[in-house]
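Letter by letter, the chains look like this.
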Amino acid sequence: QRQHPRDFSINSALAQYLSELKPPPRDEVIAFNRVALAVRPQTAGIHNALCVSLVEKGRLDEALACIKKAIELEPRTAYFHSNLGNILLLQKKAPEALAALDKALELDKTNAELDKTNANLRTMKTMAYASGTRGSVLQELLHEYDKAIDEFHKAIKLDPKEADFW
């Protein structure tokens, strides 16, 4: 967008809007997120959004750098750790993936205990994602099928609407 090339809000909003299209124009989403980060490099959520788009383009090393930056900026955000675990799964790094996913689950439980009134749907979805991804690591990389099934069951219990995903 040529009229406001240094406007964080416009670029991040365009990236968000485009990412929700089916199919999303990933190259444009990446470009708008990069511009937003050039303006505000300390915005962890944009690093995470850029990471997601890079994963979907298969650019795992770049995505890994983005999610690590997001975690550096906001180390207590559980879904950043879940996304790290997913990237490490895709890179076939089982021990590191499990460690990241365990951290996500630990943070979700801690955050839920600290704020019981808002231990809500997002927390449950994040925990389900972390458990389901743990199941994928155990199944695909470690061939520990019984443990994988247990993780998939946890994910389904936490977020039954996503049962088909697991």
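As the structure is a prediction and not an experimental result, all values here were calculated from the model.

Draft legend 1. Looking closely at the overall build of the chain. Scanning the chain from N- to C-terminus turns up eight helices and zero strands. Going from the N terminus to the C terminus, the chain shows its helices and strands as α-α-α-α-α-α-α-α. Pairs at least 24 residues apart make up 52% of the contacts formed inside the chain by residues separated by at least 6 positions. Counting only carbon and sulfur atoms, one obtains 55% of the accessible surface of the chain, whose full area is about 9500 Å².

Draft legend 2. Spatial organisation of the pattern of salt bridges. Tallied over the full model, the rule gives 11 salt bridges. The shortest N-O distance in the salt bridge between Glu72 and Lys69 comes to 3.2 Å. Within this pair, Glu72 and its partner Lys69 are both found in helix α4 (residues 60-73), separated by three residues, close to a single helical turn. The class for Glu72 is exposed, based on a relative accessible area of 55%. On the basis of relative accessibility, which here comes to 25%, the residue Lys69 falls in the partly exposed class. One salt bridge connects Asp102 with Arg134, and the closest N-O pair in it is separated by 2.7 Å. Of the two residues, Asp102 is situated in helix α6 (residues 94-114) and Arg134 in helix α7 (residues 121-141); the sequence distance between them amounts to 32 residues. On the accessibility criterion, Asp102 (38% relative accessible area) is partly exposed. A residue is classified by how much of its surface remains accessible, and Arg134, at 13% relative accessible area, is buried. Linked by salt bridges that have partners in common, Asp102, Arg134, Glu151 and Lys154 make up one network.

Draft legend 3. Representation of helix α3 (residues 44-56) within the structure. For α3, which comprises 13 residues, the first-to-last C-alpha distance of 19 Å matches the rise-based estimate of 18 Å (1.5 Å per residue) to within 8%. Residues of α3 that are buried: Ala44, Ile46, His47, Asn48, Leu50, Cys51, Ser53, Leu54 and Val55. In this fold, the buried residues of α3 make contact with α1 (8-19), α2 (26-39), α4 and α5 (78-90). Gly58 sits one or two positions beyond α3 and adopts a positive phi of about 80°.

Draft legend 4. Structural detail: the state of the cysteines. Scanning the model with the defined rule gives zero disulfides in all. Looking at Cys51, it has no disulfide partner, and the nearest cysteine sulfur is the one in Cys66, 6.4 Å off.

Draft legend 5. Local environment of the nonpolar core. Ranked by internal contacts, the top residues of the largest apolar core, which has 35 residues, are Cys51, Ile67, Leu84, Ile87 and Val137. Secondary structure elements with two or more residues in this core: α2, α3, α4, α5, α6, α7 and α8 (145-158). Look past the residues within four positions of Val137 in its chain and what remains in contact with it is Leu89, Ala94, Ala97, Leu98, Leu101 and Leu142.

Draft legend 6. Structural detail: the layout of surface pockets. The space that makes up the second largest pocket amounts to roughly 360 Å³. Together, 15 residues line the second largest pocket, and Gln16, Ser19, Glu20, Ala49 and Val52 are the ones closest to its centre. Every element with two or more residues in the lining of the second largest pocket is listed here: α1, α2 and α3. With seven residues, α3 is the largest single contributor of residues to the lining of the second largest pocket. Classifying every residue of the lining of the second largest pocket gives four nonpolar, seven polar and four charged.

Draft legend 7. Quick look at the side chain of Gln91. Note on placement: Gln91 falls in the loop between α5 and α6. Those residues within four positions of Gln91 in sequence are excluded, and the remaining contacts are Leu60, Asp61 and Leu64.

Analysis parameters
- Residues numbered from 1 in each chain as written.
- Predicted model: local features only at pLDDT ≥ 70, side-chain atom pairs only at ≥ 80, totals over all residues.
- Heavy atoms only, no water.
- Helix = DSSP H or I, 4+ residues; strand = E, 2+ residues; numbered from the N terminus.
- Contact = heavy atoms within 4.5 Å.
- Areas by Shrake-Rupley, 256 points an atom, 1.4 Å probe, with all protein chains shown as cover.
- Salt bridge = Lys/Arg side-chain N within 4 Å of Asp/Glu carboxyl O.
- Buried < 20%, exposed > 50% of the residue type's maximum accessible area, 1.4 Å probe, protein only.
- Expected span 1.5 Å × (residues − 1).
- Disulfide = S-S within 2.5 Å.
- Core = buried A, V, L, I, M, F, W, Y, C linked by side-chain atoms within 4.5 Å.
- 1 Å grid on protein atoms, 1.4 Å probe; cavity = no way out; pocket = protein on both sides within 12 Å on 5 of 7 lines; lining within 4 Å.
- Points joined across faces, edges and corners; volume = space filled by probe spheres on them.
- Nonpolar A, V, L, I, M, F, W, Y, C, P; charged D, E, K, R; others polar.

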